[in-house]
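Fold and contact review
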Amino acid sequence: MTDSTGDRSTSSPVSGEHRETATQQGQADGDKSGARSLRRRRFLQATAATTATASLAGCTDSYETLVESATSNEDDDTVTIGVLAPNPDSDFIGRSMAQAAQVAVEELNENGGINGHEVELSVRDTNASASEARRQYQQLILEDGAVATTGVFDSPALVNIMDDIAEQETIHLTTGAAAAHATRLVNEQYDEYKYHFRVGVINEFDLGRAKIDFLDDMADEIGWESIAALAEDYQWSEGIWEATQDRLDDLDLDVVMEERYPPATDDFTDLYSEAAAEGADAVLITAAHTGNEATLDWAYPNRPEQQPQPQPFAFGGTHVPMQLPSYYEQTDGACQYGFSQINATAQSTTGELTQEFVSTYQDRFDGESPVYTGYGTYDAVLVYAEAVEAAGTFDADDVVPELESIQFSGASGPVEFYDPTHEFAHDLAYEASDPLYFQWQEDDDGTGVQEIIWPEEEATSQYQSPAWLQSPSP
């Protein structure tokens, strides 16, 4: 459900009704404000000496085709929403951001747009680079005239555009990066940074909090008495690690091993041997860059052509590649029994729009299921539209208070934000966000399914112990 790494290893094998303006005057004010906003964008374009581009500037022709039905360059009353996505034509995560935003924009336009304005989509490729993300963000604002932006997968990219978000006074709704630095800026320098909100995932510290809550509820039920905690030593994992370490001692579990391993690790044999020697019932991992190697080195029992000794423990945690809906197929089932955090899956019903969104997305994109970043990006576009309708204007300073008070149940679940006085101001509120844990399980026809195992009220299946750890029948 997260991450914030910009990790390219995740690509490798291994409409609901919205709140309307209360009065006709509010609608009229919105039209005027929208026009002012568009004039401001044209002024910025002129001062930047740039040229207007197609609706998907920075992307390939395939994405120009994708948005054709939702854009209208001939209508002066259109407004543009920008998406920053990593490699949307080749990366699962970036593609799902772009496609989910497209679904949301099409739905909005079918229902009158936003405040009577047709919505145009502009997707730009961050190329998983912090510097490129900043350049593409500036082009979304200065060249494409975006009234709001969403997306951003990796934390360095988000941190790198925060000053631009403040300078442009344009709302940005993050749907991938988990860096808490961004929302601490909102808390510490509210007037400058209040335009940033996080919709798609909880922040890095709350991800750690969810991991502890999962263990607190589930460890005894599953039968785990001891765990080993491992995390790749990248900046993105620091908050998760810190939040986890702060509360591990509060659990009725024996923590037999705690290690942040080097980023270049591609062989987990020694780490797993130590965890096994210490008697760990489960290895709780935080991994994105190294997730594929960590899975395959654990999952030998799922590869019948190899017959080494099975790893004698369960495996999962915050595992970014495992969150991809195609991961079971990519790994030939090696991820079976692995578990991870996520905001929504094709099986979940945590939000009022989850199953409706999944069905529409699959119909729109030849049966493909959305990645976790897609659920958040879809919600971000609709949340922004609802806030604008409530404010009766596109003016960001008037939309911000509407976002701060919004209560929205979307595809990824409930969307509410921490208030400006919170340490993580404008972050997706943990108490309302219903973080989920799923496990890769196999159905009767051999297909891998991301079954929700926690919390209990959202569960679609019970946890399954790896087959090689199950006691033989008497």
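Just so it is clear, the structure is predicted and the values come from calculations on it, not from any experiment. (Residues numbered from 1 in each chain as written. Predicted model: local features only at pLDDT ≥ 70, side-chain atom pairs only at ≥ 80, totals over all residues. Heavy atoms only, no water.)

Regarding the environment of Thr-373
- Here Thr-373 lies in helix H14 (residues 372–391).
- Its relative accessible area of 1% is what places Thr-373 among the buried residues.
- Residues Thr-373 and Ala-85 lie 288 residues apart in sequence; the distance between their C-alpha atoms is 9.8 Å.
- Look past the residues within four positions of Thr-373 in its chain and what remains in contact with it is Ile-93, Ser-96, Met-97, Phe-153, Thr-175 and Gly-176.
- Reaching out from Thr-373, the side chain makes a polar contact with the backbone oxygen of Ile-93 at a distance of 3.1 Å. (Helix = DSSP H or I, 4+ residues; strand = E, 2+ residues; numbered from the N terminus. Buried < 20%, exposed > 50% of the residue type's maximum accessible area, 1.4 Å probe, protein only. Contact = heavy atoms within 4.5 Å. Polar contact = N/O pair within 3.5 Å; in protein donor to acceptor, adjacent residues only side chain to side chain.)

Re the pairing of strand S14 (residues 448–454)
- Summarising burial for S14: 7 of the 7 residues are buried, a large majority.
- Sheet topology note: the strand S13 (residues 436–442)/S14 ladder contains 6 bridges and is antiparallel. Paired with Trp-440 across the bridge in S14 is Gln-450.
- Where S13 folds back on S14, the antiparallel hairpin that results is connected by 5 residues, among which Gly-446 adopts a positive phi of roughly 85°. (Pairing = 2+ DSSP bridges.)

Section: the sheet that holds strand S7 (residues 254–261)
- The strand order across the open sheet built from 7 strands is S7-S6-S8-S9-S10-S13-S14, with neighbouring strands paired in mixed fashion. Whereas interior strands pair on both sides, the edge strands pair on one side only; in this sheet they are S7 and S14. Neighbour-to-neighbour, the strand axes of this sheet turn through a mean angle of 25°, independent of strand direction.
- Judged from the 5 bridges that link them, strand S6 (residues 226–232) and strand S8 (residues 282–287) form a sheet pairing that is parallel. Pairing of Ala-229 across the sheet is with Leu-284, part of S8.
- Across the sheet, helix H8 (residues 204–222) lies against S6, S8, strand S9 (314–319), strand S10 (339–342), S13 and S14, angled at about 80° from S14, the strand it touches most.
- Helix-sheet contacts for helix H11 (residues 291–298) involve S8 and S9, and the interaxial angle to S9 is about 170°. (Axes fitted to C-alpha atoms, helices over the stretch in contact; angles between N-to-C directions.)

A look at helix H6 (residues 181–188)
- If you check which residues of H6 are buried, you get Ala-182, Thr-183, Leu-185 and Val-186. For H6, the arc enclosing every buried residue in end-on projection is 150°, short of the 170-degree limit, so these residues lie on one face.
- Where the residues of H6 are buried, they touch helix H5 (155–168), helix H7 (190–193) and strand S5 (196–198). (Arc of directions from axis to C-beta.)

Quick look at the side chain of Asp-144
- Relative to the helices and strands, Asp-144 resides in the loop between helix H4 (130–142) and strand S3 (146–151).
- In terms of polar contacts, Asp-144 uses its side chain to reach the side chain of Arg-124, at 3.0 Å.

Points about the pattern of salt bridges
- In this structure the tally under the stated criterion is 13 salt bridges.
- In this structure, Lys-194 and Asp-397 form a salt bridge, with 3.1 Å as the shortest nitrogen-oxygen distance. Placement of the pair is Lys-194 in the loop between H7 and S5 and Asp-397 in helix H15 (residues 396–404), with a sequence separation of 203 residues.
- Of the residues examined, Lys-194 reaches a relative accessible area of 15% and is grouped as buried. (Salt bridge = Lys/Arg side-chain N within 4 Å of Asp/Glu carboxyl O.)

Re the environment of Asp-89
- By the element assignment, Asp-89 lies in the loop between strand S1 (79–85) and helix H3 (92–110).
- Sequence-wise, Asp-89 and Asp-125 are 36 residues apart; in three dimensions their C-alpha atoms are separated by 8.9 Å.

Considerations on a negative patch on the surface
- A cluster of like negative charges, contributed by Asp-216, Asp-217, Asp-220, Glu-221, Glu-225, Asp-249, Asp-250, Asp-252, Glu-258, Glu-456 and Glu-457, occupies part of the molecular surface.
- Among the elements that take part in the negative patch, H8 stands out by supplying 4 residues, more than any other.
- Take Glu-221: it is sitting in helix H8.
- Here Glu-221 falls in the exposed class, since its relative accessible area comes to 59%. (Patch = residues over 30% accessible without salt bridge, like charges linked within 9 Å, V, L, I, M, F, W, Y side chains within 5 Å. Areas by Shrake-Rupley, 256 points an atom, 1.4 Å probe, with all protein chains shown as cover. Lys, Arg positive; Asp, Glu negative; His and termini not counted. Charge placed at Lys NZ, Arg CZ, Asp CG, Glu CD.)

Geometric descriptors of this kind do not, in isolation, establish any biological role.
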